[in-house]
Amino acid sequence: MAFSSFMNVDVRAVWSTYNVTLVRLRNTMAQVQHGGGREGTHEEMANADLSAQGSGPGNVSQGELAYVLHTSGTTGLPKIVRVPHKCIVPNILHLSSLFQMTADDVVFLASPLTFDPSVVEMFLALSSGARLLMVPTVMKKKPNRLACALFKNHRTTFLQVTPTLLGRFGRTLLQEVVFSKDSSLRVLALGGEACPSPGLLRSWRQEGNHTQIYNIYGITEVSCWACCYKLSETDPMANQDESSVPLGTPLMDTTVEVRDEHSCVVAEGEGQVFIGGTDRVCLLDDEVEAVPGTMRATGDWVQVKDSCLYFLGRQDRLIKRQGQRVHLDTLQQALMSVPLVEACAVGLSEDSRLVAFMVASSASGDQKASSAFPSVQHQANQRSSAPVDSHGNLNPSNSHWQEELSTSTRSLRRAIRRSLSRLLPSPSVPDKVVVVPALPLTSHGKVDMGQLMKIYQRQKATPDFRTPSNVVSLRKMLQSMWQDRLGLSEDAVVSDDSNFLFSGGDSLQALGLCDDITAAIGGTLLGLLEIVLDGSFSDILHHAATAMPTLSSERKLKPHSPSEAKKRPTDPLSSAPTKRGRLDDSFTSAAPRRPPAASSAVKATRFTVLRRAGEVIETPKENSATGGTVTWKGDALTVGGTSRQGTFPSDPLAVEHRETCGGERRETGVWALRVRWASDTGRCVDASPVLLVNGRGEDASGGPTTTTVFVGSHSHRMQALDLASGELLWERVLGDRIESSAAVCAREGLVVVGCYDGCVYFLCVNTGDTKWTFQTGDAVKCCPTVDPLTGLVLVGSHDGHMYSLDPQARQCVWKRHCGGGAVFSSPCLHPSLRHLYVATLGGHLLCLRPDSGAVLWTRSRETPFFSSPGCSSGRMVVGSVDGNIYCFSLQGTELWRFTTSGPVFSSPCVTRDEAWVVCGSHDDHVYCLSCADGSLAWSFRASGRVYSSPCVFDGSPWGGASGALVAVASTDGTLWILDMEDGTLVASLSLPGELFSSPVAWERSLVVGCRNNFVYCVEMTDSG
């Protein structure tokens, strides 16, 4: 049915100079609607509307478009939505009937014209002859002036807003103006976000207020609303479940279904909402025909209970923590029930921290709570002076409000944690509570989580606690952090023998405490997490105090600008490490840190495993699942640690893009590569070598070091070679070709490798004897990953599954289908966050729990992923055959993409300081990109395609080369060594075969496989 069926529009005058047109509107259905009065039931009026659809002119085809708009992308990918008349008209008819709209109403145009609820607001007014009130955008950001304009000056009767926009009025204005006993507001329709709880809505009402409150629900893709539910003070449903409001019953011509993960309709339980109908179908993006009955997925998760739908949250805001599902929107509602919380928002940060943002209430019915935090109330009363920009949003660069963090504010945060601990299970309690003066909004009136996360990141960069100057201040700082993490009062006793877990903490809170301590001290403390979990408060204090002098001296040596770093390229501390990325040169955390010698000899750990893309994994000799400290080196996990020097590019904003090619060399010195040894494997070598460094003493001269190279080939052979001499230590023939790179379980003394026969082989490191084989459903070309915390081996297969294998129990712990397509690339494990990233040839990118295989999120592309994901503390990077290098947050949000001129099979190498990512492409180039924004620092043009992964390594042992170097192999058989700082060529070597294997570097050696059947070990020499 078209709008012309119930309304005539006559153009009476046009003032083109002022872009103004005067029109006359006449309602042709006034007789049907009982003369505009409010007599009769809702059902009778709705039936009257329905029966009248056949009357009127009806000259406009029902399939013609009424309007076209873009979705904002707030709750999904942005889309173009084309809305036919027959899709939106039933909405206007039914809502006009339900809300009993008349010519006496005043409708506030609260939504911007880019937000489809504005269509409902305009045509509810126009179709009923009511007045439509419009105010300047700036007034919407001033609650006091807006309340005065709406309810005192213009006596608004109809208001349709998001709950967040309504909350901007504040408790005082809501009680004294909006919901006062003599308020003009007749109808309040809340939509676009989760509806506030019935208890909270009742608390805003003055006695005698008769405003009708509706919860409306819908999506832009089925414009505009789909369900409606009416609340009242005496609503029996409100007393059954104080935490949520039903979505209500479907509106006219609308079909609403709830389906589970298998697309089965849910009658009781949880599932995703689908919306559609015979005529309620919009055209999305490139769709050319509206298929009647199409059901659109909403991405919203609900619970069906007694035939009512209760909103749980967005599907992308449904997370798993400690093996339990957490609904962020449900958590948000629970936080709203805490005294002194006026408004709040909950989100997951890039580092997977659960962060709650709250606005302190200026008044509360809980007088005891109110008296406990007088200064917080004072700050809340000063909300009008909060730092906001011209759009009314918080300005993260204004630090005045945040710098007023007081003891009372910390007490408020602890009280919130205590309250939530009583209401919610441990995984749902936020890791961080951030007090803000107001919630920033998008143009559509929804919470702007991007702005809030900027505030959180800024607070992380400037922690509440200053670096202590002595043990006494350190003790006070640690006690305060301990109390803050556990939600204890300030006078709670933290004795020397207190244990964090026995005091009520859990593993997630322990990680948070470690983050707080390392941020305050300014460096990573090896072994800290284990001490927090297993030791006493005294142990933590002693551990931190022992490391403080060394960390203080490091801060004095660390350069403060990129130019200063360039002046001292050989200083092992010249590359400032990130919070999680520092690699120490001693496993014994209590010992003072010493800069590594030029020979890169380290005191250190018993086993070091080096793999492609610069991955370094260091493990202690003890056969313990938790022996050693887990830290990050670029995309590599490190247990224990060794510090490697290197000069990296400067700030990405200060770097001028530089492109070099194979003929351009460094101006300082001329270097060459030469082959030290080669080993014949019998067939071509596509697998990348893996190096195991074994047997270091307590210091650099405390014992011999042996380094073993493990590599397989298409000859079915697996070889173990001595790195120093190239001597063959052992060789085993497996069941088929070997294209998979190996992994090393150092604690179990096993080499793990996949094979074309579908088996995963577990071989003895020392002898090559087969200890166990596991059969998958197809060839295994994926390089396994070893979880250092559990010892489980994580490997993919061409049968489309990921497997978790226990080499000790010799059994499969879990198996997960990855959505379609073979798992060719290697999985990437983020051990501290317990995330496993997997890419498939079907174009699927998944994030799994390594302990259970549970899916945290998935993303899909139309092109396959041959590239293996690489991750840092806050990002995940992967290349695609579509020619793009993608960077995602650890929650799956695309942060940036860099487009090359060819397919990307190369796996990205993230540098030790997590600032840069180096990746090759089939366009013959190697690119160095900023991890922060994907900006290009430099590119190098090789003489052939770059299929394998670059390797960023320490150049100091290479006979005088300073800083970090990059090893790159191109498929034409050339091995390139580049300066990491600017991408200039240092040396190159042509081998007699194609190179698909990725080079791996250790000290003065570089090992790579070649398709001429050989494995090569090369070293750098002075060509003069």
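Residues numbered from 1 in each chain as written. Predicted model: local features only at pLDDT ≥ 70, side-chain atom pairs only at ≥ 80, totals over all residues. Heavy atoms only, no water.

Engineer: Which residues make up the overall build of the protein chain, and what values go with them?
Structural biologist: Of the regular secondary structure elements, the protein chain holds 19 helices and 58 strands. Counting only residues that meet the buried cut, the protein chain has 59% of its 1024 residues in that class. Summarising the internal contacts of the protein chain: among those between residues at least 6 apart in sequence, 57% fall at separations of at least 24. Accessible surface computed for the protein chain: about 39600 Å², of which carbon and sulfur atoms make up 50%. (Helix = DSSP H or I, 4+ residues; strand = E, 2+ residues; numbered from the N terminus. Buried < 20%, exposed > 50% of the residue type's maximum accessible area, 1.4 Å probe, protein only. Contact = heavy atoms within 4.5 Å. Areas by Shrake-Rupley, 256 points an atom, 1.4 Å probe, with all protein chains shown as cover.)

Engineer: Explain the state of the cysteines to me, using residue names and the numbers behind them.
Structural biologist: Counted by the stated rule, this structure contains zero disulfides. In this model C828 remains outside any disulfide bridge; the closest cysteine sulfur is found in C871, 3.1 Å from its own. No disulfide involves C931; its sulfur sits 6.5 Å from the nearest other cysteine sulfur, which is in C887. You can call C931 buried: its relative accessible area is 3%. (Disulfide = S-S within 2.5 Å.)

Engineer: So what about the side chain of S825? Which residues, and what values?
Structural biologist: When you line up the elements, S825 lands in the loop between β39 (811-817) and β40 (828-830). In this structure S825 comes out as buried when scored by relative accessible area, which is 2%. A polar side-chain atom of S825 sits 3.4 Å from the main-chain carbonyl oxygen of A839. Among the polar contacts listed, one links the side chain of S825 to the backbone oxygen of S867, at a separation of 3.3 Å. If we skip the residues at most four places from it in the chain, S825 touches C782, A839, F865, F866, S867, S868 and P869. (Polar contact = N/O pair within 3.5 Å; in protein donor to acceptor, adjacent residues only side chain to side chain.)

Engineer: Account for the pairing of strand β42 (residues 844-848), naming residues and giving values.
Structural biologist: In the case of a regular strand, side chains alternate between the two sheet surfaces. Extensive coverage of β42 is indicated by the burial of five of its five residues. Strand direction decides the pairing type here: strand β41 (residues 835-839) and β42, joined by four bridges, are antiparallel. Bridge pairing links Y837 to C847 in β42. The antiparallel hairpin formed by β41 and β42 contains four residues in its connecting segment, where G843 sits at a positive phi of about 85 degrees. Relative to strand β43 (residues 855-860), β42 runs antiparallel, the two being bridged by five bridges. Residue pairing across strands places L846 opposite T858, the latter belonging to β43. (Pairing = 2+ DSSP bridges.)

Engineer: Which residues make up the sheet that holds strand β45 (residues 875-879), and what are the values?
Structural biologist: Strands belonging to one sheet form pairs held by backbone hydrogen bonds; the direction of such a pair is parallel or antiparallel. Spatially, the four strands line up as an open sheet ordered β44-β45-β46-β47, and their pairing is antiparallel. A single partner strand is all that each edge strand has here, and the edge strands are β44 (870-871) and β47 (894-899). Of the pairings in the sheet, the one linking β44 to β45 comprises two bridges and is antiparallel in character. Note on β45: the bridge partner recorded for G870 is V877.

Engineer: Describe in detail the environment of R485, supporting the description with residues and values.
Structural biologist: Turning to its location among the elements, R485 is positioned in helix α15 (residues 471-486). Expressed as a C-alpha distance, the spacing of R485 and Q509, which sit 24 residues apart in the sequence, is 6.4 Å. Beyond its immediate chain neighbours, meaning those up to four positions away, R485 contacts R353, R417, D431, F500, Q509, G512, L513 and D516.

Engineer: Before we move on, could you go through the confidence of the model for the protein chain and cite the residues and values that matter?
Structural biologist: Per-residue confidence for the protein chain gives a mean pLDDT of 76; residues scoring 70 or more make up 73%. Per-element confidence in the protein chain ranges from a low mean pLDDT of 31 for helix α19 (residues 562-567) to a high of 96 for strand β5 (residues 106-108). Segment residues 621-648: pLDDT under 50, and 137 contacts once partners within four positions in sequence are set aside and those in other chains are kept. (pLDDT = per-residue confidence, 0-100.)

Engineer: How would you explain the packing of helix α5 (residues 143-153) against helix α7 (residues 170-178) if you had to name every residue and give the values?
Structural biologist: Packing of α5 against α7 brings their axes to within 11 Å, and their N-to-C directions diverge by 15 degrees. With respect to α7, the element α5 is oriented roughly parallel. Crossing of α5 over α7 shows right-handed handedness. Of the residues in α7, those in contact with P143, N144, A147 and F151 of α5 are L173, V177 and V178. (Axes fitted to C-alpha atoms, helices over the stretch in contact; angles between N-to-C directions. Parallel < 35°, antiparallel > 145°, perpendicular 65-115°, else oblique. Left-handed = near helix turned anticlockwise from the far one by under 90°.)

Engineer: Which residues make up unusual backbone geometry, and what are the values?
Structural biologist: Cis geometry marks the peptide bond from S223 to C224; its omega dihedral reads 0 degrees. Locating C224 in the fold gives a position in the loop between β9 (212-217) and β10 (227-231). Even without being glycine, E1003 reaches a positive phi, approximately 50 degrees. In this structure E1003 comes out as partly exposed when scored by relative accessible area, which is 31%. For N1013, which is not a glycine, the phi torsion comes out positive at approximately 90 degrees. Of note, N1013 is situated in the loop between β57 (1005-1009) and β58 (1014-1022).

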